[in-house]
Amino acid sequence: MRIARFSIDGNVAFGAVEGDKPDELVLDIIKGIPFTEHELSGTKVPLSKVRLLPPVLPSKVVAFGRNYAEHARELGHEVPDAPFAFIKPSTSVVGPRDGIQYPPFSEDLHHEAELAVVIGRMCREVPRERVKDVIFGYTCANDITARDVQKREKQWARAKGFDSACPLGPWVETDLDPGDLTIQLTVNGQQRQLGRTSEMIHSIEDLIVNITEAMTLLPGDVILTGTPAGVGPLAVGDEVSVSIEGIGTLTNKVVKRG
């Protein structure tokens, strides 16, 4: 099931996305929230009539760096022996078609296409055999990075945590095997990144076991699983799209912060 979060006529709701052709998609409005018991209302609205929002509002986004060997090498980093985590705040999250605001303190903004895991239940110290039980679904993410700030400041709070640095969407796919999916990114229609989730160094199970040893995850929290090689610069006016097999496409435009 594809579950989207959207606004229409000033109201915010979740809905199940139905249909196959992009211009014929509709949303069946969900009664309640999808992390608890819920049902479809039968009230349907065309996707074209709503504004898609970030599919979830996470309390935190836990991102893992250098989880694709070629990406680590392209930036001159060693491949880590263990998962390498950092946090993006909830205020960095934006949705489909929202602007990526070019931060005034950077001159080298980069894109990073990623598979995002959405957590469905409160969990801590999750054993490997129970990881699937805590996953709600998967969505597309773009781990926007002020590369010059990342290099200069050595820690990544400002470089990866500024407002609009974490586009998510367009919806959450709950029925998906994430083991070997195509992940790609285009800028203004030109391909920049192309990889497969099977190229991850540390699996999704590895990542969730690792982070829940340290902290509690809440429903709606998001795990970013790393980016394939091909990261590169963005400029104001660029349109950047992340597409993941079995999920869909997340598109945003880079804008000047005003």
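Since the structure is predicted, the reported quantities are computational estimates derived from the model, not experimental observations.

> Help me understand the overall build of the protein in this model?
What the protein contains, in helices and strands, is five helices and 20 strands. A principal-axis box enclosing the C-alpha atoms of the protein has dimensions of 50 × 45 × 30 Å. Counting the 258 residues in the protein, one finds 52% classified as buried. Long-range pairs, those at least 24 residues apart, make up 70% of the contacts in the protein between residues at least 6 apart in sequence. Put simply, the protein shows about 11,700 Å² of open surface, and 48% of that area lies on carbon and sulfur atoms. Separation of charge centres in the protein, based on 28 positive and 36 negative side chains, amounts to 5 Å.

> Which parts of the structure should I look at to understand the nonpolar core?
Burial of nonpolar side chains together is a common tendency in soluble globular proteins. Core analysis: the largest hydrophobic core is formed by 42 residues, its most contacted members being Ile135, Ile204, Ile208, Ile223 and Ile244. Per-element tally for this core: the top contributor is helix α5 (residues 204-212), with five residues. If we ignore the near neighbours within four places in the chain, the residues touching Ile208 are Val117, Ile119, Val126, Val131, Val134, Ile135 and Ile223. Phe86, Ala141, Trp156 and Val172 belong to the second-largest nonpolar core, a separate cluster that totals 18 residues.

> Mind showing me how you'd approach the state of the cysteines here?
Working definition: the covalent bond between the sulfur atoms of two cysteines is a disulfide. Evaluation of the coordinates by the stated rule reveals zero disulfides. Free cysteine: Cys123, not disulfide-bonded; nearest cysteine sulfur from Cys166 at 18 Å. Judged by relative accessible area, which is 7%, Cys123 ranks as buried. With no disulfide of its own, Cys166 lies closest to Cys140 among cysteine sulfurs, the gap being 12 Å.

> What exactly am I supposed to notice about the pairing of strand β14 (residues 166-173) here?
Looking along a regular strand, one sees the side chains alternate between the two faces of the sheet. Burial analysis of β14 places eight of its eight residues in the buried class, which makes it a mostly covered element. The pairing of strand β1 (residues 2-8) with β14 spans two bridges and is antiparallel. Looking at β14, one finds that Ile3 is bridged to Val172. As paired strands, strand β8 (residues 93-94) and β14 are joined by two bridges and run parallel to one another. Paired with Val94 across the bridge in β14 is Pro167. Pairing geometry for strand β12 (residues 135-142) and β14, over three bridges, is antiparallel.

> For this particular structure, what's the right way to read α5?
Residue pairs three or four apart in sequence face the same way in an α-helix, which turns once every 3.6 residues. Of all the positions in α5, only Ile204, Leu207, Ile208, Val209, Ile211 and Thr212 are classed as buried. Check the buried side of α5 and you find it contacts β6 (61-65), β7 (84-88), β11 (113-119), α2 (131-134), β12 and β17 (222-224).

> Can you walk me through the sheet that holds strand β19 (residues 239-244) in this structure?
Think of a sheet as strands paired side by side through backbone hydrogen bonds, with each pair either parallel or antiparallel. With mixed pairing, five strands are arranged side by side in an open sheet as β9-β20-β19-β15-β16. Only two strands of the sheet have a single neighbouring strand rather than two, namely β9 (99-102) and β16 (190-196). Mean inter-strand twist for the sheet, computed between neighbouring axes without regard to direction, equals 20 degrees. When strand β15 (residues 182-187) meets β19, the two strands line up antiparallel, connected through five bridges. Within β19, the position partnered with Val187 by the bridge is Val240.

> It is not clear to me how the packing of aromatic side chains should be interpreted in this structure. Could you clarify?
Aromatic rings considered in pairs are described by the distance between their centres and by the relative angle of their planes. In this structure the tally under the stated criterion is four aromatic pairs. Look at Phe35 and Phe136: their rings are 4.9 Å apart centre to centre, the planes differ by 55 degrees, and that puts the pair in the tilted class. With Phe35 in the loop between β3 (26-31) and β4 (39-46) and Phe136 in strand β12, this residue pair connects regions lying 101 residues apart in the sequence. You can call Phe35 partly exposed: its relative accessible area is 23%. On the basis of an interplanar angle of 70 degrees and a centroid distance of 5.0 Å, the ring pair of Phe86 and Trp156 is categorised as edge-to-face. Of the two residues, Phe86 sits in strand β7 while Trp156 sits in the loop between α3 (147-153) and α4 (157-161), which places them 70 residues apart along the sequence. Pair check on accessibility: Phe86 and Trp156 agree, each one buried. Note that Arg158 overlies the ring of Phe105, its terminal NZ or CZ placed 4.6 Å from the centroid.

Thresholds applied
Residues numbered from 1 in each chain as written. Predicted model: local features only at pLDDT ≥ 70, side-chain atom pairs only at ≥ 80, totals over all residues. Heavy atoms only, no water. Helix = DSSP H or I, 4+ residues; strand = E, 2+ residues; numbered from the N terminus. Buried < 20%, exposed > 50% of the residue type's maximum accessible area, 1.4 Å probe, protein only. Contact = heavy atoms within 4.5 Å. Areas by Shrake-Rupley, 256 points an atom, 1.4 Å probe, with all protein chains shown as cover. Lys, Arg positive; Asp, Glu negative; His and termini not counted. Charge placed at Lys NZ, Arg CZ, Asp CG, Glu CD. Core = buried A, V, L, I, M, F, W, Y, C linked by side-chain atoms within 4.5 Å. Disulfide = S-S within 2.5 Å. Pairing = 2+ DSSP bridges. Axes fitted to C-alpha atoms, helices over the stretch in contact; angles between N-to-C directions. Phe/Tyr/Trp six-rings, centres within 6.5 Å; stacked < 30°, edge-to-face > 60°. Lys NZ or Arg CZ within 6 Å of the ring centre and 35° of its normal.

Everything listed here is a matter of coordinates, which is why it stays silent on function.
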